[in-house]
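Read off the chains here:
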Amino acid sequence: MKTFFIETFGCQMNAHDSEKVVGTLLNEGYSQVVDEADAGLILYNTCSIRDKAEQKVFHRLNEYKRMQGEGKKFAVLGCVAQQEGAKIFEKAPYVSMVAGSSSYRNLPDMLARLEAGETRITGLDDRETDQTFDTEFTARTNPHRGYITIIEGCDKFCAYCVVPYTRGKERSRSSASVLAEAQRIAGQGFTEIQLLGQNVNSYVDPSGRRSFAELLAAVGEGNGIQRVRFTTSHPRHFTRDIVEASDAMPALCDHIHLPVQSGSTDILRAMNREYTRDWYLERIAWTKAARRDLSLTSDIIVGFPGETDKDFEDTLTLCDEVGYDAIFGFKYSTRPNTPAIHMADSIPEQVKVERLAILNARQRELQRVNYGRHLGQTMPVMVEHGANARGQITGRSTQNKTVNFTCDHIPAIGSYIDVRITQAFPSSLVGEAVSRSTTPSPVLLAQQALNARVPVLA
Ligand code: SAH
Ligand code: SF4
Ligand code: F3S
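Definitions and limits used
- In this numbering scheme, every chain counts its residues from 1 along its sequence in written order.
- All chains are assigned letters beginning at A, and all ligands numbers beginning at 1, according to the order in which they are written.
- The predicted nature of this model means local features are confined to residues of pLDDT at least 70 and side-chain atom pairs, given and counted, to a pLDDT of 80 or more, with totals for whole chains, interfaces and linings taken over all residues.
- With hydrogens and water excluded, all non-hydrogen atoms of the structure serve as input to the side-chain values.
- Between Lys or Arg on one side and Asp or Glu on the other, a salt bridge is scored when a side-chain nitrogen of the former is within 4 Å of a carboxyl oxygen of the latter.
- Strands here mean DSSP runs of E at least two residues long; helices mean DSSP runs of H or I at least four residues long; both are numbered from the N terminus.
- Relative accessibility under 20% of the residue-type maximum defines a buried residue, over 50% an exposed one, and the middle range a partly exposed one, all with a 1.4 Å probe and only protein chains included.
- Near is defined per residue: the residue qualifies when any heavy atom it owns lies within 4 Å of the molecule or strand.
- Each residue receives one of three labels: charged for Asp, Glu, Lys and Arg, nonpolar for Ala, Val, Leu, Ile, Met, Phe, Trp, Tyr, Cys and Pro, and polar for the others, Gly being one of them.
- The split into domains, and so the bounds of each, comes from an automatic or database assignment of domains.
- Each polar contact in these results corresponds to two N or O atoms within 3.5 Å; when the atoms are within protein, one needs to be able to donate a hydrogen and the other to accept it, and residues that are neighboring in sequence are counted only if both atoms are side-chain atoms.
- Only the protein chains shown count as cover for residues, and the accessible areas themselves come from Shrake-Rupley with a 1.4 Å probe.
- To get an axis, a line is fitted to the C-alpha atoms, and for a helix only the part in contact is used. The angle between two axes follows their N-to-C directions and goes from 0 to 180 degrees.
- Should an angle fall under 35 degrees it is called roughly parallel, over 145 degrees roughly antiparallel, and 65 to 115 degrees roughly perpendicular, with every other angle called oblique.
- Handedness of each helix crossing follows the sense of rotation of the near helix against the far helix: counterclockwise by less than a right angle gives left-handed, clockwise gives right-handed.
- Note on definitions: a residue-residue contact is assigned when non-hydrogen atoms from the two residues lie within 4.5 Å.
- Throughout, nonpolar core names a set of buried Ala, Val, Leu, Ile, Met, Phe, Trp, Tyr and Cys residues whose side chains join them through atoms within 4.5 Å.
- When DSSP finds two or more bridges between a pair of strands, those strands are recorded as paired.
- Comment: arc refers to directions from the helix axis out to C-beta atoms.
- Note on ring pairs: Phe, Tyr and Trp rings are taken, using the six-membered ring of Trp, and paired if centres are within 6.5 Å. Classes follow the plane angle, with under 30 degrees stacked, over 60 edge-to-face and the rest tilted.
- Lysine and arginine charges are scored as sitting over a ring when NZ or CZ, respectively, is within 6 Å of the ring centre and within 35 degrees of the ring normal.

Below, the discussion takes up the pattern of salt bridges. One pass over the structure, following the stated rule, counts 31 salt bridges. Here Arg 292 ties to Asp 254 by a salt bridge, and the two come within 2.4 Å at their closest N and O atoms. With Arg 292 in the loop between helix 11 (277-288) and strand 13 (295-302) and Asp 254 in the loop between helix 9 (240-248) and strand 12 (255-257), the pair connects residues that are 38 residues apart, well separated along the chain. On the basis of relative accessibility, which here comes to 24%, the residue Arg 292 falls in the partly exposed class. A relative accessible area of 10% means that Asp 254 is categorised as buried. Notably, a salt bridge pairs Glu 349 with Lys 331, separated by 2.7 Å at the nearest N-O pair. Of this pair, Glu 349 sits in helix 13 (residues 349-370) while Lys 331 sits in strand 14 (residues 326-331), and the two are 18 residues apart along the sequence. Salt bridges sharing common partners tie together Glu 7, Glu 36, Arg 60 and Glu 63.

Here it is as structure tokens:
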């Protein structure tokens, strides 16, 4: 029997790639196991966005090495695979396959070569590929939210970032194929769809039929689709019609993740972000003028080379001005191949640590106030987990906020229920159900039963 174990790191796109890799393996006759000791093939889907990603991978591979006497095969996938390439074979000779995400469409062929005993298989397409990884074999691990990658790669070349090198150039799927997949998974009972791309709103329909905003609306019109999310939006391509689409289409969620990275125009220029602070704030003003309360979230880097106290202060005041509902703050880390590697990493680690702590503390205070705006509101919540020790059920609002609530019946996972908010914390809301939950479709329940038997991703 052919068995595999997969471990996945990195962003949502990497997690979804793994769902497609798992689907492909299952279709090739492999079975997934939850314990690596039971696996004939161990796959490691890697991320190299920050820190010493390469070292971590080699460290992990060394741990795997202990198992090599047992006749196991090893494959390294993802962004570190693409970045380090065949060097991985030198440092970890027991690895038989190294493949970046632009090569996954060739997986069946690579697996056949692996089974035939080849030990130096590479899938390292350069960044010029215009192919995407479209497959109907996707082992979805989230039973209610279906992910669909609509655009792969990145052409932005921000000075600090590895992604354009690890994922290749931007290439979009046709809107017809996206809509067909959306409809297919809606037919399986999924009611929420999340469209994915490193810059999801750089989407360009190769058939020229739909703009990104039109694609959002078309996905939202699909039968049975209640929620449509999309991530990550790049400010450079954030156009007014995205806000107009959300005004017009109730299924589009009230949440936009629009990473700013820095509040200082000088640092934004050094980062090659291609916008200024004011240009960003103008887009924010559009979202604030929307008919619904659109929740905004962001990624922020502190300690980019040359970031002065004044630049950092600009980031803090930008956060005050925008009023984000969440931010993901990171200390700048030097990455191989990126232009910023030639800039002196001038900000001492201690200063980066302090700035990140200040940013997070300030943001927490903002959220303490911001989340209070929901007190007394009644909002639809999608149920994600059954009751915890305190008898609270957990779900998510359209703004992607965690809502813990009490209920006089047990709502099914994946159902929707109206909750009245009685308490607000800096990153969650508490309330009580004021309606009966909707019943998820029989297809979704069957899918959940099936998923309960399929091991989940690491
Ligand atoms: N395409 C998205 C970001 C994807 S990477 C965008 O442009 O917004 C996710 C986040 O990791 C980035 O938003 C950035 O905040 C962070 N990041 C990327 N490279 C980094 C680096 N070298 N050091 C620290 N943080 C980094
Ligand atoms: Fe990286 Fe910039 Fe591309 Fe985002 S837009 S993936 S930060 S290069
Ligand atoms: Fe990491 Fe690659 Fe995603 S570097 S964040 S897995 S695109």
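A few words now on the site of ligand 3. The environment of ligand 3 is formed by Cys 11, Asn 14, Cys 47, Ser 48, Ile 49, Cys 79, Val 163, Arg 167 and Gln 198. Here the shell around ligand 3 is built from residues that sort into 5 nonpolar, 3 polar and 1 charged. The residues that make up the shell around ligand 3 include at least three from each of domain 1 (2-125) and domain 2 (131-372).

Near ligand 1, the surroundings consist of 17 residues, among which Arg 50, Gln 198, Gln 261, Asp 299 and Ser 333 are the closest. Between ligand 1 and the protein, one listed contact pairs a nitrogen atom with a backbone N or O atom of Gln 198 at 2.7 Å. Here an oxygen atom of ligand 1 and a side-chain polar atom of Asp 299 are 2.7 Å apart. Taken by itself ligand 1 offers 540 Å² of open surface, and the protein chains cover 91% of this.

At a minimum axis distance of 10 Å, the contact between helix 7 (residues 175-187) and helix 8 (residues 212-220) shows a crossing angle of 25°. In terms of orientation, helix 7 lies roughly parallel with respect to helix 8. Where helix 7 crosses over helix 8, the handedness of that crossing is right-handed. Contact residues: Ser 175, Val 178, Leu 179 and Ala 182 in helix 7; Leu 215, Ala 218 and Val 219 in helix 8.

We now examine the nonpolar core. Counting 54 residues, the largest nonpolar core has Ile 150, Leu 195, Val 219, Tyr 280, Tyr 324 and Leu 359 as the members making the most contacts within it. For this core, the leading source of residues is helix 8, giving 7 residues. Residues in contact with Val 219, not counting those within four places in the same chain, are Val 178, Leu 179, Ala 182, Ile 193, Leu 195, Ile 225 and Val 228. Grouped together as the second largest cluster of nonpolar side chains are 21 residues, Val 33, Val 80, Ala 81 and Ala 92 included.

This next bit is on the side chain of Arg 355. In this fold, Arg 355 is placed in helix 13. Here Arg 355 is in contact with Val 302, Glu 307, Thr 308, Asp 309, Phe 312 and Ile 347, once residues within four sequence places are set aside.

Attention now goes to the sheet that holds strand 2 (residues 30-32). Taken in spatial order, the 6 strands of this open sheet run 2-1-3-4-5-6, and their pairing is parallel. Edge strands, defined here as strands with exactly one partner in the open sheet, are strand 2 and strand 6 (121-123). Going across the sheet, the axis of each strand differs from the next one's by a mean of 25°, ignoring polarity. The pairing of strand 1 (residues 2-8) with strand 2 spans 3 bridges and is classified as parallel. Looking at strand 2, one finds that Thr 3 is bridged to Ser 31.

All of the buried residues in helix 9 are Ile 242, Val 243, Ala 245 and Ser 246. One side of helix 9 carries all its buried residues, which in axial view fall inside an arc of 155°. If you follow the buried residues of helix 9, they end up packed against helix 8, strand 11 (227-231) and helix 11.

Moving on, we come to unusual backbone geometry. A cis amide bond links Thr 231 with the next residue in sequence, Thr 232, at an omega value of 5°. Relative to the assigned elements, Thr 232 resides in the loop between strand 11 and helix 9. If you check the backbone angles, Gln 261 has positive phi at about 75° while not being a glycine. With respect to the element layout, Gln 261 can be found in the loop between strand 12 and helix 10 (265-271). Judged by relative accessible area, Gln 261 falls into the buried class, the value being 8%. Positive phi, normally seen in glycine, also occurs at Glu 274, with a value near 65°. By the secondary structure assignment, Glu 274 is in the loop between helix 10 and helix 11.

Under the criterion given, the structure shown has 12 aromatic pairs. Taking the ring centre of Trp 279 as reference, the NZ or CZ of Arg 283 above it sits at 3.3 Å.

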